[in-house]
Amino acid sequence: MSIKKLIQLDEGDFGNKETQLRIQSDPVLMFDEALDKLINDLLETLNRHAIAVGLAAPQIGVSQRVCVINVSKEKKSDAIVLVNPQIVERSHKAERKKESCMSLPHFRGEVERPVKIRVTYMDRSGRAQSLRAEGFLARVICHEVDHLDGVLYVDRMDNPNRLEPVDFFKDA
Ligand code: NI
């Protein structure tokens, strides 16, 4: 396991299309040692950043459809590991809330997301799973699955110029 360096865009460059963050990631086909190592690296890197609630493989430079999520307070509970996640249901009801991203430091912006979703995925052993989520967890899952498609939250803002600076990245 090791803590990986995050790919981060500079202020004013969040729309950059030439970064690895914009690549459509490949599905995982093999549940092997390499996948185990990738998942462990993601978990360790997620834990290293106190404010982070999710991390996707492209953020550490790996174009594979894997992400980890932990929305529990101070990460007291285990993270959810999603391999090849697919959002298969979305509520019509949506809400706008502020989001931020470890790869777009020092800012946040308002994004509309469905209030409820259902996601199917494989766990780290390759078993098929299904999860219903709502509110903040649903939002985080949508954000992380977007990363696997090379989509950043700024792409979903009505007006990407409406980013606002935040200081909670200081100790991140
Ligand atoms: Ni992100």
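Our structure is the block above this text.
So, a few notes on the structure that sits alongside this text. (Residues numbered from 1 in each chain as written. Predicted model: local features only at pLDDT ≥ 70, side-chain atom pairs only at ≥ 80, totals over all residues. Heavy atoms only, no water.)

### Examining the coordination of the nickel ion
Put simply, a metal with four donors set out as a tetrahedron has ideal angles of 109.5 degrees, and one with six donors set out as an octahedron has ideal angles of 90 or 180 degrees.
Working step 1: Bound to the nickel ion on the protein side are Cys101 (SG), His143 (NE2) and His147 (NE2), at distances that span 2.1 to 2.3 Å.
Working step 2: The sequence pattern formed by the donor residues of the nickel ion is C-x41-H-x3-H. Linking His143 with His147, this pair stays in helix H2 (residues 135–148), spanning 4 residues, or about one helical turn.
Working step 3: According to the relative accessible area criterion, His143 is buried, its value standing at 7%.
Working step 4: Residue class for His147 comes out buried when judged on its relative accessible area of 1%. (Donors = N, O, S within 2.8 Å, 3.2 Å for Na, K, Ca; no water. Helix = DSSP H or I, 4+ residues; strand = E, 2+ residues; numbered from the N terminus. Buried < 20%, exposed > 50% of the residue type's maximum accessible area, 1.4 Å probe, protein only.)

### Structural notes on the packing of aromatic side chains
Working step 1: Applying the stated criterion across every chain, the model contains 1 aromatic pair.
Working step 2: Measuring from ring centre to ring centre gives 5.8 Å for Phe14 and Phe107, while their planes differ by 85°; the resulting arrangement is edge-to-face. Of this pair, Phe14 sits in the segment before helix H1 (33–48) while Phe107 sits in strand S5 (residues 107–114), placing them 93 residues apart in sequence. (Phe/Tyr/Trp six-rings, centres within 6.5 Å; stacked < 30°, edge-to-face > 60°.)

### A few points about the nonpolar core
General note: in soluble globular proteins, nonpolar side chains tend to be found buried as a group.
Working step 1: Leu38, Ile39, Leu42, Leu55, Val66 and Val68 are the most contacted members of the largest nonpolar core, which totals 19 residues.
Working step 2: Among the elements that take part in this core, H1 stands out by supplying 6 residues, more than any other.
Working step 3: Not counting the four nearest positions on each side in its chain, Val66 is found in contact with Val28, Leu35, Leu38, Ile39, Leu42, Ala56, Ala57, Leu82, Val83 and Leu148.
Working step 4: By size, the runner-up hydrophobic cluster in this structure holds 16 residues, among which are Ala56, Val119, Ala133 and Val145. (Core = buried A, V, L, I, M, F, W, Y, C linked by side-chain atoms within 4.5 Å. Contact = heavy atoms within 4.5 Å.)

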